[in-house]
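# Observations on the three-dimensional arrangement
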Amino acid sequence: MVNNCYMKISLYIIVDNLFKFVLIFLFNLIWCTYFFNRPPQNIMIATASTFIVSILTNKLGLRKKKKQLLKLKEQQRVHDIVSTFIYMTQDELLNFFRKLASTKHNCEIKNGYIYINNNHRTIILYPLFKPSNFNKDDFVNIIKKIKDLTINKLVVVSNNFDGEIESEKNKFSFEIVLLNAKDMYVNLLKKYEFYPEINPKIKPKVKTSLKTILTHSFNKKRTKSYLLSAICLFFASFFVLYKVYYIATSCVLVLFAIISYNSGHNNKVFELNPFE
């Protein structure tokens, strides 16, 4: 069973790389045909350049995939953590961040905030997570709670902040630090190596953007249509007077086919157990 799986994976890798090679070869051959008049020379140059390009793209592709995978995993983790915090009560949030801060500092919960004593500096940590952005009303409520205290710094942690909050920071004698979801993950959770139990996991909403449009345009399923169109235009260039337009267009279509084939977008297999 294991040997059969290994053979299937190996065969897939071979076919995948062979198809990529053919796409790049066709791209190179189109331009060689335009610039050189001898077919044997065209094939030799196209083959040699294809080998070079294939080796370089494979190396760059592996590096890029590793970086993208790590980045996507971290983005998803931040999203899941924020979703978890949103569904926590305020007492649960305070207890979590108190435990986080207590790994390195002396701290306690007082009147709905976390009081931290760090090298004779008094710091107030106030976590607040909700479906909407942290707004001016939230900020005013926090200030009312701590206005009679002598503190050095106020650290507010939330999923996101309204733009007007930034301008409010300069109105007070103590330092105010606003940590959004990403800043919180980097400067608190990751730094202190202290994470919540993820629950619930919520799938992020898909936003229509330029990236979404490009993802749809260069879907892997479109590889075949781009390639067939390129081949048709390439052969048509032998029978028309202004063949440069046909060659240029077919070249662009082959390039689109290469991008689509390497994108891998929208080719996920969704599995589920209906009765579990």
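Residues numbered from 1 in each chain as written. Predicted model: local features only at pLDDT ≥ 70, side-chain atom pairs only at ≥ 80, totals over all residues. Heavy atoms only, no water.

### A few points about helix 6 (residues 181-192)
- Between its first and last C-alpha atoms helix 6 spans 15 Å; for 12 residues at 1.5 Å apiece the expected length is 16 Å, and the two agree.
- Considered for burial, the residues of helix 6 that qualify are Ala 181, Met 184, Tyr 185, Leu 188, Leu 189 and Tyr 192. The buried side chains of helix 6 occupy one side of the element, clustering within an arc of 125 degrees when seen end-on. Facing away from the buried side of helix 6 by over 90 degrees, the exposed positions are Lys 182 and Lys 191.
- Two residues or fewer past helix 6, Glu 193 is found with a positive phi of approximately 55 degrees. (Helix = DSSP H or I, 4+ residues; strand = E, 2+ residues; numbered from the N terminus. Expected span 1.5 Å × (residues − 1). Buried < 20%, exposed > 50% of the residue type's maximum accessible area, 1.4 Å probe, protein only. Arc of directions from axis to C-beta.)

### Structural notes on the pairing of strand 1 (residues 106-110)
- In this structure, strand 1 lies alongside strand 2 (residues 113-118), joined through 5 bridges in antiparallel fashion. Residue Glu 108 lies in a different strand from strand 2, and its bridge partner there is Tyr 115. (Pairing = 2+ DSSP bridges.)

### Focus on the pattern of salt bridges
- Tallied over the entire structure, the rule returns 6 salt bridges.
- In this structure, the salt-bridge partner of Glu 74 is Lys 190, at a minimum N-O distance of 3.0 Å. Taken together, the positions of Glu 74 in helix 2 (residues 39-86) and Lys 190 in helix 6 put the pair 116 residues apart, joining distant regions of the chain.
- We note a salt bridge from Glu 108 to Lys 110, for which the minimum N-O separation is 3.7 Å.
- A residue is classified by how much of its surface remains accessible, and Glu 108, at 40% relative accessible area, is partly exposed.
- In this structure, a network of salt bridges that share partners links the residues Lys 136, Glu 168 and Lys 171. (Salt bridge = Lys/Arg side-chain N within 4 Å of Asp/Glu carboxyl O.)

### A short note on the packing of aromatic side chains
- In the structure shown here, the tally under the stated rule is 10 aromatic pairs.
- The interplanar angle of 90 degrees and the centroid separation of 5.2 Å between the aromatic rings of Phe 96 and Phe 97 together place this pair among those described as edge-to-face.
- Taking relative accessible area as the criterion, Phe 97 reaches 0% and is therefore assigned buried.
- Counting every residue linked through ring pairs, the aromatic cluster contains Phe 85, Phe 96, Phe 97, Phe 129 and Phe 194.
- One Lys or Arg, Arg 77, reaches over the ring of Tyr 195 and ends 4.0 Å from the middle of that ring.
- Between Lys 104 and the ring centre of Tyr 192, over which it is positioned, the NZ or CZ distance is 4.7 Å. (Phe/Tyr/Trp six-rings, centres within 6.5 Å; stacked < 30°, edge-to-face > 60°. Lys NZ or Arg CZ within 6 Å of the ring centre and 35° of its normal.)

### Looking at the nonpolar core
- Core analysis: the largest hydrophobic core is formed by 25 residues, its most contacted members being Phe 85, Phe 97, Phe 129, Val 157, Met 184 and Leu 188.
- At the level of elements, helix 2, helix 3 (90-102), strand 2, strand 3 (121-127), strand 4 (153-157) and helix 6 are the ones that each hand at least two residues to this core.
- Dropping the residues within four chain positions of it, Phe 97 is found in contact with Phe 85, Ile 114, Leu 125, Pro 127, Phe 129, Val 157, Met 184 and Leu 188.
- Phe 139, Ile 146, Phe 161 and Ile 176 belong to the second-largest nonpolar core, a separate cluster that totals 17 residues. (Core = buried A, V, L, I, M, F, W, Y, C linked by side-chain atoms within 4.5 Å. Contact = heavy atoms within 4.5 Å.)

### Focus on the sheet that holds strand 3
- If you trace the 5 strands from one edge of the open sheet to the other, you get 1-2-3-4-5, paired in mixed fashion. Either end of the sheet is taken by a strand with one partner, and the two such strands are strand 1 and strand 5 (175-179). With direction set aside, neighbouring strand axes in the sheet form an average angle of 20 degrees.
- Relative to strand 3, strand 2 runs antiparallel, the two being bridged by 5 bridges. Considered in strand 3, the bridge of Asn 117 is made with Thr 122.
- Sheet strands touched by helix 3: strand 1, strand 2, strand 3 and strand 4. Its angle to strand 1, the strand with the most contacts, is close to 170 degrees.
- Together, strand 2, strand 3, strand 4 and strand 5 form the strand contacts of helix 4 (residues 136-146), whose direction differs from that of strand 4 by roughly 145 degrees. (Axes fitted to C-alpha atoms, helices over the stretch in contact; angles between N-to-C directions.)

### Quick look at a nonpolar patch on the surface
- Together, Phe 35, Phe 36 and Ile 45 line one region of the surface with nonpolar side chains, adding up to about 270 Å² of accessible area.
- With respect to the helices and strands, Phe 36 occurs in the loop between helix 1 (2-35) and helix 2.
- Judged by its relative accessible area of 32%, Phe 36 is partly exposed. (Patch = residues over 30% accessible without salt bridge, like charges linked within 9 Å, V, L, I, M, F, W, Y side chains within 5 Å. Areas by Shrake-Rupley, 256 points an atom, 1.4 Å probe, with all protein chains shown as cover.)

### Considerations on helix 3
- With 13 residues, helix 3 should cover 18 Å at 1.5 Å per step; its first-to-last C-alpha distance of 18 Å lies within 8% of that length.
- Among the residues of helix 3, those classed as buried are Leu 93, Leu 94, Phe 96, Phe 97, Leu 100 and Ala 101. One face of helix 3 carries all of its buried residues, which in axial projection span an arc of 165 degrees.

### Some thoughts on the pairing of strand 3
- Along strand 3, 6 of the 7 residues are buried, which leaves the element largely enclosed by surrounding structure.
- Between strand 2 and strand 3, which pair antiparallel in sequence order, lie 2 residues; one of them, Asn 119, sits at a positive phi of approximately 55 degrees.
- As paired elements, strand 3 and strand 4 share 5 bridges and run parallel to each other. Bridge pairing in strand 4 links Ile 124 to Leu 154.
- Once you follow strand 3 into helix 4 and on to strand 4, the crossover reads as right-handed. (Right-handed = clockwise from strand over helix to strand, strands pointing away.)

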